[in-house]
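# Structural overview
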Amino acid sequence: IDDSVRRSTDLSPKVIDRFCFLINELKKRGIYYLIDLSTQRNVFDDDNVQDAWSMTYLKGAPVFFDQHIRNMQKEFDRKILECYNPYTKMKIKDDPAYVLSDLNNETSLVHDAEIKSEYYMNQLKKLYNEWLIKKYKTRDALKEAWKDDGNEVLRDYEDPFKGTVEVYARSGRLGLKRQRLIDNL
């Protein structure tokens, strides 16, 4: 445990030194490397993440739409790539042996289980309803597009202009089919 790490965007000097040493050893052996920037980083109190209890690590569906979490991810990415490697005598981003960054590894809106936080679900629902308005323009057009074998799938209480169309993503709570399923993916 490194007590110097107070936020998930902090880089532990001990860990970074080992990482830079590894990079240099790979490079000496002619091995190119990629960096997975979507690592499983703990969420700390100093991160000021809303409903941190709902995330095991700082990854999952909210990384796609919560601006604070997105900004934290960008800060972490920047720190890693701008890190000066004392063994190679250059920043990681400038190292010719560095070939690729994985910005998103096994995380998506549909890969993760249901969003546990009402705060994040409400954020996603708002964005989803705004997207539906842009795509379909009217509730009637949405209702027509979502018909499944002539059956109406859009519930009476659901209206994108009121922000009430539910996001079901992967849960399949409605037994989604056809266009509504596609729009949830």
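In what follows, the structure referred to is the one given above.
These notes cover the structure that comes with them. (Residues numbered from 1 in each chain as written. Predicted model: local features only at pLDDT ≥ 70, side-chain atom pairs only at ≥ 80, totals over all residues. Heavy atoms only, no water.)

Tallying secondary structure elements over the chain gives 5 helices and 4 strands in all. Its helices and strands in sequence order give the chain the pattern α-β-α-β-β-β-α-α-α, from N to C terminus. By residue count, 38% of the 185 residues in the chain fall in the buried class. Long-range pairs, those at least 24 residues apart, make up 62% of the contacts in the chain between residues at least 6 apart in sequence. When the accessible surface of the chain is split by element, carbon and sulfur atoms take 53% of a total near 11,300 Å². (Helix = DSSP H or I, 4+ residues; strand = E, 2+ residues; numbered from the N terminus. Buried < 20%, exposed > 50% of the residue type's maximum accessible area, 1.4 Å probe, protein only. Contact = heavy atoms within 4.5 Å. Areas by Shrake-Rupley, 256 points an atom, 1.4 Å probe, with all protein chains shown as cover.)

Per the stated rule, a full pass over the model turns up 4 aromatic pairs. Residues Phe21 and Tyr87 carry aromatic rings whose centres are separated by 5.5 Å and whose planes lie at 80° to one another, so their mutual orientation is edge-to-face. In this pair, Phe21 sits in helix α1 (residues 13-28) while Tyr87 sits in the loop between β2 (84-85) and β3 (90-91), placing the two residues 66 residues apart along the sequence. For Tyr87, a relative accessible area of 33% translates into the label partly exposed. Here Arg41 stacks its cationic end above the ring of Phe76, 3.9 Å away from the centre of that ring. (Phe/Tyr/Trp six-rings, centres within 6.5 Å; stacked < 30°, edge-to-face > 60°. Lys NZ or Arg CZ within 6 Å of the ring centre and 35° of its normal.)

What follows covers unusual backbone geometry. For Lys89, which is not glycine, the phi dihedral falls at a positive 65°. With respect to the helices and strands, Lys89 occurs in the loop between β2 and β3. Even without being a glycine, Lys137 presents a positive backbone phi close to 70°. Mapped onto the elements of the fold, Lys137 is located in the loop between α3 (118-136) and α4 (139-145).

Turning to the nonpolar core, a few remarks are in order. Counting residues in each nonpolar core, the largest one holds 19 residues, and the members touching the most others are Val49, Tyr120, Leu132, Leu142, Trp146 and Val165. When residues of this core are traced back to their parent elements, those giving at least two are α2 (67-82) and α3. No other element matches α3, which puts 5 residues into this core. Beyond its immediate chain neighbours, meaning those up to four positions away, Leu142 contacts Leu132, Tyr136, Leu154, Pro160 and Val165. Formed by 13 residues, the second largest nonpolar core is a distinct cluster that contains Tyr33, Leu37, Ile80 and Leu81. (Core = buried A, V, L, I, M, F, W, Y, C linked by side-chain atoms within 4.5 Å.)

Two side chains with opposite charge may pair up if their charged atoms get near one another. Applying the stated rule across the entire model yields 14 salt bridges. The residue Glu166 makes a salt bridge to Lys125 at a minimum N-O spacing of 3.2 Å. Remark: Lys125 occurs in helix α3 and Glu166 occurs in the loop between α4 and α5 (178-184); sequence separation between them is 41 residues. Residue Glu152 pairs with Lys143 through a salt bridge whose shortest N-O separation is 3.4 Å. Under the relative-accessibility criterion, Lys143 is labelled partly exposed at 22%. (Salt bridge = Lys/Arg side-chain N within 4 Å of Asp/Glu carboxyl O.)

Without other data, these values stay purely geometric and don't point to any function.
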